[in-house]
Amino acid sequence: MKIIIAGVPLFTLQIYLTFQGVHYFNKYWSPLALFLVSAGIAALYFYRHLNQPAKSPAPLVSSRLLSTMLWTLGGALTIVLGYEELRKLWVEFPNPAQYSDVLPQLEAQYQRFIRGEMPYAPVPLPTHTPFPVYMPLHWLPVGITSWLGLDTRWAGFGLLVIAAGIYGYWVGRQNAPVGARIAALFLPSMGLWGFILWGRLELAVSFEIVIAAYYLVLAAGLLGRHVPTIVVGLILCLLSRYTLLFWLPLLAYVWWKELPRKTNYTIWGAVALSVLLLYIFPFYLQDPGIFATGIKYHNDGAIAQWAGFGDPPVSWTMETGIYFGINMKSVFSGDAAQQVFLARVVQGALMLALLGFGLWAYHRWEKRLDGYALCLGLLYAMIGCFYFFSPMTFQYYLLVLMVLSAVLVAAMMTKGSRV
């Protein structure tokens, strides 16, 4: 019970510090405060799971039709409750293109696609001409609202409602008191409300709700230890943002050890086929240089941020105090390009170290921690560290981290324990 009591306030503090931390600390110390709070959630999660009588997780409760519908609708409702505030937000910022090039690029990619044109090409904008780096399942949802004649941003809202319903189903299946499960149901919506209250512009000009929805599906599958849901989440995440790549070997190893070989072949065959059909065949093979060009454009953007804008030059993403860019910039020598390269070295080394830790922990704690719980905890840790040590992290990126934090805290709340 003490762990649960500590987990919820830490999660709340993580959300608050994302937006307000820089006002209490300066831009150099705010990232450290946010990182320590975020790391505290992971530490509590593993402590909670490691202090169990046995590795085997409690069996899921039976799935009855009425119960399934109620939990699924309940999960969806937690997001639907934010509809009116989001509507006001879209009205407050009716033209996201005035503030960010994210939505214009995504909309341009979709419109090119339905016209039979190559989506991956420079997008002429009034101020600059970005090269889109977004994967297909990031921009294809634009078609939902395009077909319905709605604001593009509602597509993300709709997908998050569906993801929250899937999450609600698996929370309802957990073998825990009803009160704990109901409380856990509301956790993913807390990050959304954090943005509604304090990060309004960030939410209004981005399409990150889509990515948050995909990661919520993946995390819900891990929570429920349900392979088909995890596979769907994998495909959604892989084909929307490549961040997941560093974590995949851990999941692959766990499945290789715990599932039949035929199941492994089926799983990874489905994932590979999805990547081939949705990215490689229709786009990459048309122009094999699009991935490298996109990565270069993104890297050049990071270098420009580190060099700064204006006189005196200011690195605006570092002013929010949400990642260690400003700290690394103050330590690394050389010009902006050299500093960004060193930051990527640090980031990559940390990802590999966390992967190594996960593989070690799987064997070290094999009698105390099941593979799905380990993968969920390491997914959170790797995504968090990827953003904290990235050369360029926008505030809206952290909506994904908040969703994963929510599922970790939910796992703590719904897991039987003597602690």
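Refer to the structure printed above.
Residues numbered from 1 in each chain as written. Predicted model: local features only at pLDDT ≥ 70, side-chain atom pairs only at ≥ 80, totals over all residues. Heavy atoms only, no water.

Asks: In this structure, what is going on with the overall build of the chain? I would like to understand it.
Replies: Each helix and strand counted, the chain has 20 helices and 0 strands in total. Relative to the 2.2 N^0.38 estimate, which gives 22 Å for 419 residues, the radius of gyration of the chain is 21 Å and therefore close to what a compact globule would have. Along the first, second and third principal axes, the C-alpha set of the chain runs to 60 × 50 × 45 Å. Across the 419 residues that make up the chain, the buried fraction comes to 55%. Contacts in the chain between residues at least 24 apart in sequence constitute 77% of all its contacts with a sequence separation of at least 6. Element-wise, carbon and sulfur atoms account for 68% of the exposed surface of the chain, whose accessible area totals about 17900 Å². Where the 26 positive side-chain charges of the chain centre and where its 17 negative ones centre are 17 Å apart. (Helix = DSSP H or I, 4+ residues; strand = E, 2+ residues; numbered from the N terminus. Rg over C-alpha atoms; globule rule 2.2 N^0.38 Å. Buried < 20%, exposed > 50% of the residue type's maximum accessible area, 1.4 Å probe, protein only. Contact = heavy atoms within 4.5 Å. Areas by Shrake-Rupley, 256 points an atom, 1.4 Å probe, with all protein chains shown as cover. Lys, Arg positive; Asp, Glu negative; His and termini not counted. Charge placed at Lys NZ, Arg CZ, Asp CG, Glu CD.)

Asks: Whenever I open this one, a nonpolar patch on the surface confuses me. Can you help?
Replies: Judged by side-chain polarity, Leu-77, Val-80, Leu-81, Tyr-83, Val-178, Ile-182 and Phe-186 come together as a nonpolar surface patch covering roughly 610 Å² of accessible area. Counting only elements with at least two residues in the nonpolar patch, the list comes to helix H3 (65-80) and helix H9 (178-185). Along the polypeptide, Ile-182 turns up in helix H9. We classify Ile-182 as partly exposed; its relative accessible area is 39%. (Patch = residues over 30% accessible without salt bridge, like charges linked within 9 Å, V, L, I, M, F, W, Y side chains within 5 Å. Salt bridge = Lys/Arg side-chain N within 4 Å of Asp/Glu carboxyl O.)

Asks: Explanation requested: the pattern of salt bridges in the structure shown.
Replies: Pairs may arise between side chains of opposite charge once their charged atoms sit close together. Enumeration according to the criterion identifies 8 salt bridges in this entry. As a salt-bridge pair, Asp-300 and Lys-296 come within 2.9 Å of each other at their nearest N and O atoms. A residue pair is termed a helical-turn pair when its members lie 3 or 4 positions apart in one helix, as Asp-300 and Lys-296 do in helix H16 (residues 290-307) at 4 residues. We classify Asp-300 as partly exposed; its relative accessible area is 35%.

Asks: Explanation requested: unusual backbone geometry in the structure shown.
Replies: If a residue is not glycine, its phi is most likely negative; likewise, a peptide bond is most likely trans. Even without glycine at this site, Arg-225 takes up a positive phi of about 55°. Tracing the backbone shows Arg-225 in the loop between helix H12 (208-224) and helix H13 (227-238).

Asks: Could you clarify how one ought to interpret the packing of H3 against helix H8 (residues 153-172) in this entry?
Replies: Between H3 and H8, the least distance of the axes is 7 Å, while the angle of their chain directions is 140°. Overall, the two elements H3 and H8 adopt an arrangement that is oblique. In this structure, H3 crosses over H8, and the sense of that crossing is right-handed. Facing Thr-68, Trp-71, Thr-72, Gly-75, Ala-76, Thr-78, Ile-79 and Val-80 of H3, the residues of H8 in contact are Phe-157, Leu-160, Val-161, Ala-164, Gly-165, Gly-168, Tyr-169, Val-171 and Gly-172. Among the residues making up the contact of H3 with H8, the classes are represented as 10 nonpolar, 7 polar and no charged. (Axes fitted to C-alpha atoms, helices over the stretch in contact; angles between N-to-C directions. Parallel < 35°, antiparallel > 145°, perpendicular 65-115°, else oblique. Left-handed = near helix turned anticlockwise from the far one by under 90°. Nonpolar A, V, L, I, M, F, W, Y, C, P; charged D, E, K, R; others polar.)

Asks: How do you make sense of the state of the cysteines when you look at a structure like this?
Replies: Two cysteines joined by a covalent bond between their sulfur atoms form a disulfide. Taken as a whole and assessed by the stated rule, the structure comprises 0 disulfides. Not engaged in a disulfide, the cysteine Cys-375 finds its nearest cysteine sulfur in Cys-237; these two sulfurs lie 14 Å apart. Take Cys-375: its relative accessible area is 0%, and that puts it in the buried class. Of the cysteine sulfurs around Cys-385, a residue in no disulfide, the closest is that of Cys-375, at 16 Å. (Disulfide = S-S within 2.5 Å.)

Asks: Would you mind showing me how to read the packing of aromatic side chains here?
Replies: Here the distance between the centres and the angle between the planes together describe a pair of aromatic rings. Under the criterion given, the structure shown has 36 aromatic pairs. Seen in terms of ring centroids, Phe-46 and Trp-365 are 6.3 Å apart; in terms of plane orientation they differ by 45°. Their pairing is tilted. Residue Phe-46 is located in helix H2 (residues 30-50), and its partner Trp-365 is located in the loop between helix H18 (336-364) and helix H19 (371-388); the two are separated by 319 residues in the primary sequence. Since its relative accessible area comes to 11%, Phe-46 is described here as buried. Exposure remark for Trp-365: the relative accessible area of 14% places this residue in the buried category. Each ring, one from Phe-394 and one from Tyr-396, has its centre 5.6 Å from the other, and the planes form 5°; the classification is stacked. For Phe-394, a relative accessible area of 27% corresponds to the partly exposed category. A relative accessible area of 10% places Tyr-396 in the buried class. Put simply, the rings of Phe-113, Tyr-120, Trp-139, Tyr-279, Phe-283 and Tyr-284 touch in pairs and so form one group of aromatic residues. (Phe/Tyr/Trp six-rings, centres within 6.5 Å; stacked < 30°, edge-to-face > 60°.)

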